[in-house]
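So the chains spell out like this:
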Amino acid sequence: MSAAELSTATVEAAAQRPRRRAARRGAPPGEPRRVAYLYIAPALLVYAAFLLYPLGRALVLSLYEWDGLTLGSWAGLSNYHQILTDDRLRSSFLHTAVLVVFFALIPTAVGLTLAAIVARARVRGLAFFRTVIFLPQIVAMVVVAVTWRQIYAPDGPVNDLLRLVGLDGLTRGWLGDFTFALPAVGVVGTWVATGLCFVLFLAGTGKIPRELYDAARVDGAGAVREFATVTLPALRNEIVVALTLTVIAALRTFDLVYVTTSGGPGNATSVPSYEVYRRAFQIGEVGSAAAIGVTLTVIILAVNLVIARIGDRA
Amino acid sequence: MTSARERTLSYVILLAFAAFALYPLVTVVDLAFSADVSGQATGGFANLGDAWVQGRFGTYLRSSLIVSVVTVLLATFLSIMSGYAFGTMRFAGQTLLFYTILLGIMVPTEVIVVPLYFDLRSLGLTDTYAALILPQVAQSVAFGTFWMRAYFLSSSRDVVEAARLDGAGHWQTLWRILAPIGRPAIVTLTLLTFMWTWNEFLIPLVMVTSENLRTAPLGLAFFQGQYTSGVALLAAGAVIVALPVVILYLFLQRHFIQGIVEGSTRG
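Residues numbered from 1 in each chain as written. Chains lettered and ligands numbered in written order. Predicted model: local features only at pLDDT ≥ 70, side-chain atom pairs only at ≥ 80, totals over all residues.

This part covers the overall build of chain A. Assigned secondary structure in chain A consists of 16 helices and three strands. Relative to its 314 residues, chain A shows a buried fraction of 49%. (Helix = DSSP H or I, 4+ residues; strand = E, 2+ residues; numbered from the N terminus. Buried ≥ 20, exposed ≤ 12 C-beta atoms within 10 Å, placed from the backbone.)

So, on to the overall build of chain B. Helices and strands together make up the secondary structure of chain B, namely twelve helices and one strand. When the helices and strands of chain B are listed from N to C terminus, the series reads α-α-α-β-α-α-α-α-α-α-α-α-α. Taking the principal axes of its C-alpha atoms as reference, chain B extends roughly 75 × 70 × 35 Å. A burial count over chain B gives 51% of its 267 residues as buried. Long-range pairs, those at least 24 residues apart, make up 79% of the contacts in chain B between residues at least 6 apart in sequence. (Contact = placed C-beta atoms within 7 Å.)

A few words now on helix α6 (residues 87-121) of chain A. Residue and element names in this part refer to chain A. Its 35 residues place the ends of α6 50 Å apart at the C-alpha level, agreeing with the 51 Å of an ideal helix rising 1.5 Å per residue. In α6, a bend of some 35 degrees at Leu-99 exceeds every other bend along the element. Directly beyond the C-terminal end of α6, a positive phi value near 45 degrees is found at Arg-122. (Expected span 1.5 Å × (residues − 1). Bend = angle between axes of the 7 residues up to and from the residue.)

If you look at the interface, chain A gives 91 residues, while chain B gives 88 residues. Residue contributions to the side of chain A that touches chain B peak at 16 residues, all from helix α4 (residues 35-61) of chain A. Per-class residue counts for the side of chain A that touches chain B are 63 nonpolar, 17 polar and eleven charged. (Nonpolar A, V, L, I, M, F, W, Y, C, P; charged D, E, K, R; others polar.)

Another aspect to go through is the nonpolar core. In terms of nonpolar packing, the biggest core is built from 181 residues, with A:Tyr47, A:Val142, A:Val143, B:Val114, B:Ala235 and B:Ala238 touching the most fellow members. Excluding its chain neighbours within four sequence positions, the residues that come into contact with A:Val142 are A:Asp255, A:Val259, B:Phe201, B:Pro217, B:Leu220 and B:Ala221. (Core = buried A, V, L, I, M, F, W, Y, C linked by C-beta atoms within 7 Å.)

Contact pair α4(A) / helix α5 (residues 109-122) of chain B: the axes reach a minimum separation of 8 Å and the direction vectors enclose 90 degrees. When the axes of α4(A) and α5(B) are compared, the pair comes out roughly perpendicular. Of the residues in α5(B), those in contact with A:Phe50, A:Leu51, A:Pro54, A:Leu55, A:Arg57, A:Ala58 and A:Leu61 of α4(A) are B:Val111, B:Ile112, B:Val114, B:Pro115, B:Leu116 and B:Asp119. For the contact of α4(A) with α5(B), the class distribution of residues is eleven nonpolar, no polar and two charged. (Axes fitted to C-alpha atoms, helices over the stretch in contact; angles between N-to-C directions. Parallel < 35°, antiparallel > 145°, perpendicular 65-115°, else oblique.)

Quick look at the structure:
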């Protein structure tokens, strides 16, 4: 995960800012100071030069057809139009939808289950489970990819297991299979994201007053009803955050695809981020790459807003 | 109280997922120490040494260390200062500036790396440490400013007042009083930034071609391309690349987990 993924959920935090400022107006306020600009200037300078400016440049580049070497030519919105019409590009965005299931929905469901178990049963060795289940989050994605390539290899553990139980017919090179390559990449996402969801929900359940559980039990609620009436509603915020982070992680999958499949076989595992790289640096379609990048950015901003909205309404 | 059967089931489920999380990592460590049929790897710790030399992971680690340490130092220093201004001062355009910086947390690397590469190339800056470090500092100060601002907002006004009565200016108040009190928040920020920078792949992939500048994850990806048969050395390389962050995590996991949880839910 990256900083970009991490605090996308912070838009919500920022949205609360005006309220907080109003509340503070009576109390000793932050002092009005012009020196503030001097404190901000160095950070802002680097930020503007290496993030804001390139972002603006990407917008401009996306309106040109440019091979990266010779003079570019004006292309209007044709690079964006291409995203809708080009089969390869369109399917790269559709693949992302499949990845969302594996990167976001399954980990959220599993994380909720695990957190509910912990909240209910007062498990011993919680620190151990948390440390271990979160571990995949901190390992470099390239290492993760190299590792899972071995696991999916024709003579790897997955196929060994299938042979062991007599399902020899199902063995295959999973990452080279047109049907199974994308879900195989997805499972890696599930492996990485589950720990993130788990610790987020764990932090959330820790804040639920025990009396709520006691009350539910007095009412004779079983594990399932207790989950539905106590745990789930209390975790609303954490679920919103977890979904935001994991959906964006799915949208931004790059390292994993680059190292495991390079988008293949064919373009079975091609994703938008990979298309950005391929077009800009391998086949000299810089304008198209920029347009995909801008589209990706817009989608990420939209996902933030939409999920935050749903969270507010729920 | 829950029934004994339910308790058992709870542990079984938790253990199953712990095993799922650990299994791939155990597999790769096991491979890293195994001998190779091809005879490229002799097994044991010798594999790590071979990967270090043959795979040039020593060089990659050095490059990663330079990039990560410089990025962390620069980004943390700049973030503390800007977070201090946003958290304790009032000035015109504050909200707009803060939102502008917050935007940087959401902008994906993919979109900025394309123009950045071509612009830095025309300035002759690709294939330098600057090209690896400065874009990552820019990304890190976005999160860092947000993170430090939250700390300074929560810091005690009384402490600041007392410092001022003692004649401390804003600079001393920051570095002598608030920064030392905020050490836990700063340590967490440092660790998260270090992890993100160490693990970053796309920026080094695009920005450098020189082997001496390759960071560890990039080196590993290239190594995989070369040694398709030598799985043991590849696994050894993977272990070497992952180890620094894993060690930090095992010793300081509270910072990692709390940092991620608070960084994403705070507000």
